[in-house]
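# Chains, contacts and geometry: an overview
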Amino acid sequence: MQLRYAFRLDPGPGQRVALARAFGCARVVYNDAVAARERARREGATFPSAAVLSKMLITEAKRSPGRQWLSEVPAVVLQQALRDVERAYTNFFASLKGARPGVRVGAPRFKSKRDGRQAIRFTANARWKITEAGRLLLPKIGEVKVRWSRRLPSVPSSVTVIRDAAGRFFASFVMESDPDADLARMPGADGLPSVGIDLGLTHFAVLSDGTKIDSPRFLRRAEKKLKKAQRELSRKQRGSKNREKARLKVARAHAQVADARREFHHQLSTELIRENQAVAVEDLAVKGLARTRLGKSVHDAGWAQFLAMLEYKAQRYARVFVKVGRFEPTSQVCSVCGVKDGPKPLHVRTWTCTHCGTVHDRDHNAAKNVKQAAGLAVTACRAQVRPGLVPAQREEAGSHGIHAGVRAAQRHSTR
C-alpha cells in the first residue's frame, strides 16, 4: 500500500519567493485548463485532451508575451497541474454515473491565490533528490532544509510541497510500504483479544473491556485563545499588513488544535491496533451529526479522521477492522441476555435489564454490543451482511454504539 510521510520544511527567503512563483504558475495552468473545459462544454464541442491542453497551455503559452513567466518554474509542476484537472473531472463524471456510491463529487472549480492551502508536486522525472546533507533538492528552487523526524522506509516516488494557511511549508513523500517490515513492527495477532469501540462526546471512546478514554476537547480548550485572535482580526483594516499578521495568528492557533487532535488520533489508533487482533466500530453518520446543535463538539472529536486511521492501520498491520451498521440499537439491547429493553432518556447513564437483572453502564454496554454484532455481521472475507430477523440469543445481541447525546442528535437529524 502507498503511504505518505510529511516533514516540515524551512525554506530561505529566496526559496520562499521561488515556491510562491511555482504555486502561482501551477494555479494559473490549472485554472486555464478548467476554463478550456468549461468553454468546450458551453459550445457543445469535444473536451480537449490532456495532450492538447499541454501543448496549448504550457508549450505555446511559454512563447506568448503574457505567459512567458511559466518558463521560470519546473515543467513537471505545470504538467502535474493538468493531471490534477483530469483527475478532478474523472472523479466528477464517475460520481454522476454512480460509480462511487455514497460519495458526491462536485465539478472542478477555479483556484484562488487567496486559498489557504497551496501545493505543487514533483514526480521522479523532475530530477529532485535528497542530498547527502539531508536537504531536499528541488529544480529551480534549490536545496531546502528539512526537519527530519524519522527515516524514510523506502525510496519515494514523488514529493508534494505544501504551504498551509498558517504559512508553514511541508514536504509530503509518497512511497510503497514494505509488508514484511510492517508486520515485524507489530506483535503477532495470535492470542490478542478483540475489542468493540463506542465513540462519544463525554468520553471519546469506551471499549468493550470497560476502558474509558476521556475526550481531550482540543477546540473547546483553545476557544478563549481563538476568540481573542479572531476579535483582533476583525478589527484590522482589509488589505493591510496588520490584517495579514492577524490572519496568520488565527491560522496558527487553528493549526495547533488540528495538530494536537491528529497526534491524539494517531497514538490511540496505533495503540488499539497493536493490542488487538480485531477492532469493531460503528459506521457513524458524521455529516448528519455535524449539522445538529452538537456540531462543534462532533467536529472537535474528529471521529471520521480517527476511523480512517484505524482502517488503514488495520490493513497495513494485518488486523481485522469491522464497521457495524449504524441502525443497530445497542443502547437498547442487553449485552448479556440479548433482550431489547427499549429506548431510554438521555440522562440515563446506567440501566437495569428487566429480563436478567444485569446493571449496565450505557456506553460500556454499547461497546460490548458493537463487538458482538461485528462477529455476527461479518463473513470470512470481511464483507458486511445484514442478519435476518431472528431472536437474539444469549451471546448474540444487536449493535449500535455512540454516546447518548449523539444518538439523540442523529435521530433528530434524520427526521
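Residues numbered from 1 in each chain as written. Predicted model: local features only at pLDDT ≥ 70, side-chain atom pairs only at ≥ 80, totals over all residues. Heavy atoms only, no water.

### Examining the overall build of the protein
Here is the rule we go by: By the criteria applied, helices consist of DSSP H or I runs no shorter than four residues and strands consist of E runs no shorter than two, each listed in order from the N terminus. Residue exposure (1.4 Å probe, protein chains only): buried if accessible area is under 20% of the type maximum, exposed if over 50%, otherwise partly exposed. Contact criterion: two residues are considered in contact whenever any of their non-hydrogen atoms come within 4.5 Å of each other. Accessibility throughout is a Shrake-Rupley quantity obtained with a 1.4 Å probe, and a residue counts as covered only by protein chains that appear here.
Secondary structure assignment for the protein yields twelve helices and 14 strands. Among the 415 residues that make up the protein, the fraction classed as buried is 45%. Residue pairs in contact within the protein that sit at least 24 positions apart in sequence constitute 69% of those at least 6 positions apart. Surface exposure of the protein reaches about 23100 Å², of which carbon and sulfur atoms provide 51%.

### Section: the sheet that holds strand 6 (residues 158-163)
Operational definition: At least two DSSP bridges between two strands are needed for those strands to be called paired. Axis definition: a line fitted to C-alpha atoms, limited for helices to the stretch in contact. Angles are taken between N-to-C directions and run from 0 to 180 degrees.
Reading across the sheet, the seven strands line up as 2-6-7-1-5-4-3 and stay open at both edges, with antiparallel pairing between neighbours. Each end of this open sheet is capped by a strand with a single partner; those strands are strand 2 (118-123) and strand 3 (129-130). Across two bridges, strand 3 lies against strand 4 (residues 136-138) in antiparallel orientation. Residue pairing for strand 4: Lys 129 is matched across the bridge by Leu 137. Across the sheet, helix 1 (residues 13-43) touches strand 2, strand 5 (142-147), strand 6 and strand 7 (169-176), and the angle it forms with strand 2 is around 90°.

### Considerations on the nonpolar core
Definition in use: Here the nonpolar core consists of buried residues drawn from Ala, Val, Leu, Ile, Met, Phe, Trp, Tyr and Cys, with membership extended through side-chain atoms lying within 4.5 Å.
Grouped together as the largest cluster of nonpolar side chains are 43 residues, with contacts concentrated most on Ile 120, Phe 122, Leu 136 and Leu 138. Ranked by residue count, the leading element in this core is helix 1, at eleven residues. Among all residues touching Phe 122, those that are not within four sequence positions of it are Pro 74, Val 76, Val 77, Trp 128, Leu 138, Pro 139, Ile 141, Ser 158, Val 159 and Val 161. Ranked by size, the runner-up nonpolar core spans 33 residues in total, among them Leu 226, Ala 253, Leu 289 and Tyr 317.

### Notes on the packing of helix 1 against helix 3 (residues 75-96)
Using the following cut-off: Roughly parallel means an angle under 35 degrees; roughly antiparallel, over 145; roughly perpendicular, 65 to 115; everything else is oblique. Should the near helix be turned anticlockwise from the far one by less than a right angle, the crossing is termed left-handed; should it be turned clockwise, right-handed. Gly falls in the polar group here, along with every residue not listed as nonpolar (Ala, Val, Leu, Ile, Met, Phe, Trp, Tyr, Cys, Pro) or charged (Asp, Glu, Lys, Arg).
Helix 3 packs onto helix 1 with a crossing angle of 40° between their chain directions and a minimal axis gap of 8 Å. The angle between helix 1 and helix 3 places the two elements in the oblique class. Handedness of the helix 1/helix 3 crossing: right-handed. Touching Ala 22, Cys 25, Ala 26, Val 29, Tyr 30, Ala 33, Val 34, Arg 37 and Glu 38 of helix 1 are Val 77, Leu 78, Ala 81, Leu 82, Asp 84, Val 85, Glu 86, Ala 88, Tyr 89 and Phe 93, all from helix 3. Across the contact of helix 1 with helix 3, the residue classes tally to 15 nonpolar, no polar and four charged.

### Observations concerning the side chain of Arg 121
The line we're drawing: We call two N or O atoms a polar contact when they sit within 3.5 Å, provided that within protein one can donate a hydrogen and the other can accept it, with sequence-adjacent residues counted only if both atoms are side-chain atoms.
Along the chain, Arg 121 turns up in strand 2. Side-chain polar atoms of Arg 121 contact the side chain of Gln 80, separated by 2.9 Å. Of note is the side chain of Arg 121, whose polar atom sits 2.8 Å from the side chain of Asp 84. In contact with Arg 121, other than residues within four places in its own chain, are Val 76, Val 77, Gln 80, Asp 84, Arg 87, Val 159 and Thr 160.

### Focus on the pattern of salt bridges
Pairs may arise between side chains of opposite charge once their charged atoms sit close together. The condition is simple: Salt bridges, as used here, are contacts in which a Lys or Arg side-chain nitrogen is within 4 Å of a carboxyl oxygen on Asp or Glu.
For the structure on display, the rule yields 19 salt bridges. Here Lys 212 ties to Asp 361 by a salt bridge, and the two come within 3.1 Å at their closest N and O atoms. Of this pair, Lys 212 sits in strand 10 (residues 212-214) while Asp 361 sits in strand 14 (residues 359-361), and the two are 149 residues apart along the sequence. The closest approach of N and O atoms between Arg 349 and Asp 363, which form a salt bridge, is 3.2 Å. One end of the pair, Arg 349, is in the loop between strand 12 (320-324) and strand 13 (350-352); the other, Asp 363, is in helix 11 (residues 362-376), with 14 residues separating them in the sequence. Three or more residues joined by partner-sharing salt bridges are found here, namely Asp 164, Arg 168, Asp 259 and Arg 262.

### Here's the deal with the pairing of strand 1 (residues 2-10)
The pairing of strand 1 with strand 7 spans eight bridges and is antiparallel. Its bridge partner being in strand 7, Arg 8 is matched across the sheet by Phe 170.

### What to know about the environment of Gln 79
Here Gln 79 is to be found in helix 3. Residues Gln 79 and Val 29, 50 residues apart in the sequence, show an inter-C-alpha distance of 8.7 Å. Aside from chain neighbours lying at most four places away, what touches Gln 79 is Ser 54 and Ile 58.

### Here's the deal with unusual backbone geometry
Of note in the backbone geometry, Lys 140 takes a positive phi value of approximately 65° without being a glycine. On the secondary structure map, Lys 140 appears in the loop between strand 4 and strand 5. With a phi angle near 60°, Ala 318 is a residue other than glycine that sits in the positive phi range. Within the element layout of this structure, Ala 318 appears in the loop between helix 10 (303-316) and strand 12.

### Focus: the confidence of the model for the protein
Condition: Per residue, pLDDT measures the predictor's confidence, with a range of 0 to 100.
Chain-level statistics for the protein give a pLDDT mean of 86 and a share of 90% at 70 or above. Scored below 50 in pLDDT, residues 376-415 makes 99 contacts in the model with residues more than four places away or belonging to other chains.

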